[in-house]
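# Structural overview for review
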Amino acid sequence: MSDRKLLQRLQKAYQCCDACGTAYGTPTDGYSTYWRGVCDVCGLELAVTETRDWGYLQRGISSARS
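Now for a quick tour of the structure. (Residues numbered from 1 in each chain as written. Predicted model: local features only at pLDDT ≥ 70, side-chain atom pairs only at ≥ 80, totals over all residues. Heavy atoms only, no water.)

## Brief notes about the sheet that holds strand β2 (residues 35–38)
The strand order β1-β3-β2 describes an open sheet built from three strands, whose pairing is antiparallel. The two strands at the open ends of the sheet, each matched to only one other strand, are β1 (15–16) and β2. (Pairing = 2+ DSSP bridges. Helix = DSSP H or I, 4+ residues; strand = E, 2+ residues; numbered from the N terminus.)

Set out below in structure tokens:
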């Protein structure tokens, strides 16, 4: 996936899986609610949570912009 396309996916993502959260975000303190859905970053159907639980994927967004 190109950096531009990845940046767009990260910026528009509402929900993501743990793998994408770990790769592109920073975990926040507190509780997370998971449900079965499609990850807005990788497109796989699995357990997802809101991107706010991963710091809105800001680490990945910053890296993709560089």
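## Description of helix α3 (residues 58–65)
Buried within α3 we find G60, I61 and A64. Down the axis, α3 shows its buried residues gathered within 100° of arc, on one side only. (Buried < 20%, exposed > 50% of the residue type's maximum accessible area, 1.4 Å probe, protein only. Arc of directions from axis to C-beta.)

## Examining the pairing of strand β3 (residues 45–50)
Relative to β3, β1 runs antiparallel, the two sharing two bridges. The residue of β3 that forms the bridge with C16 is T49. Pairing of β2 with β3, which is carried by four bridges, proceeds in the antiparallel orientation. Pairing of W35 across the sheet is with V48, part of β3. In this antiparallel pair of consecutive strands, β2 and β3, the connection spans six residues, and G43 shows a positive phi of 85°.

## Quick word on the side chain of T49
Inspection of the secondary structure puts T49 in strand β3. One polar contact links the side chain of T49 to the main-chain carbonyl oxygen of T33, over a distance of 2.9 Å. Ignoring sequence-local partners within four residues, the contact set of T49 consists of Y14, Q15, C16, S32, T33, Y34, W35 and W54. (Polar contact = N/O pair within 3.5 Å; in protein donor to acceptor, adjacent residues only side chain to side chain. Contact = heavy atoms within 4.5 Å.)

## Details of the state of the cysteines
In the structure shown here, the tally under the stated rule is zero disulfides. Cysteine C16 is unpaired, with the sulfur of C39 as its nearest cysteine sulfur at 5.6 Å. Of all cysteine sulfurs in the structure, the one in C17 sits closest to C20, which takes part in no disulfide; the separation is 3.7 Å. When its relative accessible area of 8% is taken as the criterion, C20 is described as buried. (Disulfide = S-S within 2.5 Å.)

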